[in-house]
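One-letter residues, chain by chain:
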Amino acid sequence: MDVPRVPYAPGLHHIAAETYAYLQPNGSWGWSNAGLVADGDEGLLVDTLFTVPQTRAMLDEIAQALPRLTIGTLVNSHSDGDHWWGNQLLPDATIVASEAAATAMRRDRFHALFAAPGAIRLPGIVEEMRQTFDFTGITPTLPTRTFSGEAEVTVGRRTVRLIEVGPAHTTGDVLVHVPDAAVLFAGDILFVGGHPVIHSGPVENWISACDLILDLDVEAIVPGHGPVVGKPEVRLFRDYLEQVRDHAIRAHRSGLPVLQAAREMDLDGFADWADPERLVLNIGAIYRELNGDGTPEEEQLMGLLDHYVPSPRADAAPRIAPRPAEEITALAGRLKGPAAQALANDAGPLAGRPVLNVLATIGNHPDLLLSLAPLLAQLAQGLLPPRERELAILRTAHRTGSTYEWHHHAHLGATAGLTAPEIASIRRGPDTADWNEADRALLRAVDELCDKRSLSTATWQTLAARYSAPQLLELLALIGTYTLVAGILNSCRVPLDTWLADPAGLSSP
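Since the structure is predicted, the reported quantities are computational estimates derived from the model, not experimental observations.

Q: Sorry if this is basic, but what is going on with the overall build of the protein chain here?
A: Helices and strands together make up the secondary structure of the protein chain, namely 19 helices and 12 strands. On C-alpha atoms alone, the protein chain measures out to a radius of gyration of 25 Å, which is about the 23 Å that the 2.2 N^0.38 rule sets for 509 residues. Based on the C-alpha atoms only, the size of the protein chain along its principal axes is roughly 80 × 55 × 40 Å. Counting across all 509 residues of the protein chain, residues that qualify as buried make up 54%. Taking all contacts inside the protein chain whose residues are at least 6 apart in sequence as the whole, residues at least 24 apart take part in 66%. With an accessible surface of roughly 21100 Å², the protein chain has 53% of that area assigned to carbon and sulfur atoms. Across the protein chain, the mean location of the 39 positive side-chain charges is 3 Å away from that of the 62 negative side-chain charges.

Q: What is the right way to read empty space enclosed by the protein from this model?
A: Using a probe with the size of a water molecule, rolled over the atoms, empty space left in the structure can be pinpointed. Going through the model one piece at a time under the given rule, you end up with 1 cavity of 30 Å³ or more. Only strand E3 (34–39), strand E11 (183–191) and strand E12 (220–225) provide two or more residues apiece to the lining of the largest cavity. Grouping the amino acids of the lining of the largest cavity by side-chain chemistry returns 6 nonpolar, 4 polar and 1 charged.

Q: It is not clear to me how the packing of aromatic side chains should be interpreted in this structure. Could you clarify?
A: Centre distance and the angle of the planes are the two values used to describe a pair of aromatic rings. In this structure the tally under the stated criterion is 15 aromatic pairs. Here Trp85 and Phe135 contribute two aromatic rings whose centre-to-centre distance is 6.0 Å and whose plane-to-plane angle is 85 degrees, an arrangement assigned as edge-to-face. One end of the pair, Trp85, is in the loop between strand E5 (70–75) and strand E6 (94–98); the other, Phe135, is in the loop between helix H4 (124–132) and strand E7 (145–147), and 50 residues separate them in sequence. By relative accessible area, which is 3% here, Trp85 ends up buried.

Q: What is the right way to read the environment of Ser454 from this model?
A: Here Ser454 lies in the loop between helix H17 (437–452) and helix H18 (457–464). Residue class for Ser454 comes out partly exposed when judged on its relative accessible area of 40%.

Q: In this structure, what is going on with the state of the cysteines? I would like to understand it.
A: Here is the idea: a disulfide is a covalent bond, and it sits between the sulfur atoms of two cysteines. Counted according to the given criterion, the structure contains 0 disulfides. Free of any disulfide, Cys492 has its nearest neighbouring cysteine sulfur in Cys450, separated by 19 Å.

Q: Please clarify how a nonpolar patch on the surface should be interpreted in this entry.
A: A cluster of nonpolar side chains, contributed by Trp460, Leu473 and Leu476, occupies part of the molecular surface with about 290 Å² of accessible area. With respect to the secondary-structure elements, Leu476 resides in helix H19 (residues 469–492). Overall, the relative accessible area of 30% leaves Leu476 in the partly exposed class.

Q: Looking at this model, I keep getting lost on the sheet that holds strand E10 (residues 174–178). Mind explaining?
A: Strand pairs in the sheet, formed through backbone hydrogen bonds, run parallel or antiparallel to each other. What the 5 strands build is an open sheet, ordered E8-E9-E10-E11-E12; its pairing is mixed. Edge positions in the sheet fall to strand E8 (150–155) and E12, since each has one partner strand and no second. The average undirected angle you get between the axes of adjacent strands in this sheet is 25 degrees. In this sheet, E10 lies alongside strand E9 (residues 158–164) in antiparallel orientation, the contact comprising 4 bridges. Bridge pairing links Arg161 to His177 in E10. Here helix H5 (residues 203–215) sits on the sheet in contact with E9, E10, E11 and E12, set at roughly 160 degrees to E11.

Q: What's the story with the layout of surface pockets in this structure? I'm lost.
A: Of the pockets and cavities examined, the second largest pocket occupies roughly 1100 Å³. Lining the second largest pocket are 37 residues, and of these Asp80, Asp108, Phe110, His199 and Glu298 lie nearest its centre. Secondary structure elements with two or more residues in the lining of the second largest pocket: helix H2 (99–107), helix H3 (110–115), H4, E11 and helix H9 (298–302). Per element, the largest residue contribution to the lining of the second largest pocket is 4 residues, and it comes from H2.

Q: Whenever I open this one, the packing of helix H6 (residues 231–254) against helix H8 (residues 279–291) confuses me. Can you help?
A: Helix packing geometry: the angle between the two helix axes and the distance between the axes. At a minimum axis separation of 9 Å, H6 and H8 run at an interaxial angle of 60 degrees. As judged from the angle between their axes, H6 and H8 are oblique. For the crossing formed where H6 meets H8, the hand is right-handed. Here Tyr240, Val244, Arg245, His247, Ala248, Ile249, Ala251 and His252 of H6 lie close against H8, whose contacting residues are Leu279, Asn282, Ile283, Ile286, Tyr287, Leu290 and Asn291. Here the contact of H6 with H8 is built from residues that sort into 10 nonpolar, 4 polar and 1 charged.

Q: I keep staring at unusual backbone geometry and nothing clicks. Help me out?
A: The bulk of non-glycine residues show a negative phi, and the bulk of peptide bonds are trans. Residues Pro25 and Asn26 are joined by a peptide bond in cis, for which omega reads 15 degrees. With respect to the secondary-structure elements, Asn26 resides in the loop between strand E2 (19–23) and E3. At the junction of Gly166 and Pro167, the peptide bond is cis and its omega measures out at 5 degrees in the coordinates. Tracing the chain through its elements places Pro167 in the loop between E9 and E10.

Q: Please explain the sheet that holds E5 as it appears in this structure.
A: Read from one edge to the other, the open sheet built from 7 strands follows the order E1-E2-E3-E4-E5-E6-E7, with strand pairing classed as mixed. The open sheet has two edge strands, strand E1 (11–16) and E7, and neither has a second partner. Averaged over all adjacent pairs, the angle separating strand axes in this sheet is 25 degrees, with direction ignored. As paired elements, strand E4 (residues 42–46) and E5 share 5 bridges and run parallel to each other. Bridging from a neighbouring strand, Leu45 pairs with Leu74 of E5. On top of the sheet, helix H1 (residues 52–65) reaches E1, E2, E3, E4 and E5; it is set at about 55 degrees to E1, its chief contact. Against the sheet, H2 contacts E6 and E7, and its axis sits at roughly 105 degrees relative to E6.

Scoring rules and cut-offs
- Residues numbered from 1 in each chain as written.
- Predicted model: local features only at pLDDT ≥ 70, side-chain atom pairs only at ≥ 80, totals over all residues.
- Heavy atoms only, no water.
- Helix = DSSP H or I, 4+ residues; strand = E, 2+ residues; numbered from the N terminus.
- Rg over C-alpha atoms; globule rule 2.2 N^0.38 Å.
- Buried < 20%, exposed > 50% of the residue type's maximum accessible area, 1.4 Å probe, protein only.
- Contact = heavy atoms within 4.5 Å.
- Areas by Shrake-Rupley, 256 points an atom, 1.4 Å probe, with all protein chains shown as cover.
- Lys, Arg positive; Asp, Glu negative; His and termini not counted.
- Charge placed at Lys NZ, Arg CZ, Asp CG, Glu CD.
- 1 Å grid on protein atoms, 1.4 Å probe; cavity = no way out; pocket = protein on both sides within 12 Å on 5 of 7 lines; lining within 4 Å.
- Points joined across faces, edges and corners; volume = space filled by probe spheres on them.
- Nonpolar A, V, L, I, M, F, W, Y, C, P; charged D, E, K, R; others polar.
- Phe/Tyr/Trp six-rings, centres within 6.5 Å; stacked < 30°, edge-to-face > 60°.
- Disulfide = S-S within 2.5 Å.
- Patch = residues over 30% accessible without salt bridge, like charges linked within 9 Å, V, L, I, M, F, W, Y side chains within 5 Å.
- Salt bridge = Lys/Arg side-chain N within 4 Å of Asp/Glu carboxyl O.
- Pairing = 2+ DSSP bridges.
- Axes fitted to C-alpha atoms, helices over the stretch in contact; angles between N-to-C directions.
- Parallel < 35°, antiparallel > 145°, perpendicular 65-115°, else oblique.
- Left-handed = near helix turned anticlockwise from the far one by under 90°.

Now the structure itself:
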């Protein structure tokens, strides 16, 4: 299945026939997504937003795009405020939610706390939301129709499935499946590019919800937070939940406090995800399951968020220690030209630097290093323009979660002509407005090779119009080689070279 290419940009996006996503980058605390399903003049909205002004702006944009549309049904995917506190702006709509979500919504008092003057000391992230969002004027508007299990609602001649999968993220999570469009609005059962929050659990229910999504006939999945994606991102998210679960169980057995367990969580594969402080809530929720007595309470965990700083973990120590520099430079005598210069670091943009830790690590297998060094040298001085080469490598570093590769090539990319804003935008992918079509095709090529191990026809045609056959082959080899190297770097936990500064102000891929 091909996921529709939807730019992760603010506003309303058409993702399938009469089916839309409303996106709010950057997807962090409070910046949630919504959805719209239409049939002629009839509409169903999936979720309102955190505040009245946000929701009004969304409804205004929908009205401008579809001026004859009447939203007769509103589905709230769950009980978090950023998915229903704008309900009051649709007073004539039938509001549908699971009974469990409606029960939680009836008990909600957080909107008043957020809007109140700051007399009560709140966690830093809550204070930041109070500074960012306008919580005044919220009148809680509750569901008028509830269900348990599964239900169907109609929009004109279209049928929309509501599938209750909570308790998971919250007590009453609902997936909104649009079968005729192969679209799923996942609510906060899916976060993309950021750590989720386990408010209720159990985590096994959430993992099962991911399995259910993977079994559905859907192509485009709109997460509660993040860009429109396909099933590969659901699999990655499922892996994350399993890793958090397994780490929390081990930490609980060892008697580690929640905060220490969160600090020591191995983030291999997820180092670039935003909002890592949420690990405190997630590990705490699993502790709560294991304790069986309601502790630690979520309010207590929220108080720990300000104290979360990732510790220098065991993974800071390399699994295979780099060989001494003099042993690597001695190997350079067995090579010639650029490959020998690369091992000795006596030419190119890194001339005069100490032997790179990546080379010193692979140097534990001298024959492998001597075979790989000429290929790396060839790619570094090959047929692709340097800026475009570094653009592709940096996107590969991001997609593979390789901090080492990212830092090095942020440095090299800056010397090759990539600006700091461009380097920052690489993580946001090909569909932002920052790129011309040639750059966009390069970034997309990396994504397609990471996801499918093959380029689509459209991407190939765009690249073939710009590059010769040898350049195309070199590009494929470049992405493949740096994916291979990233696997070595990540698995061996190669330490970042101490001399390296971060030219783009970026700490992670």
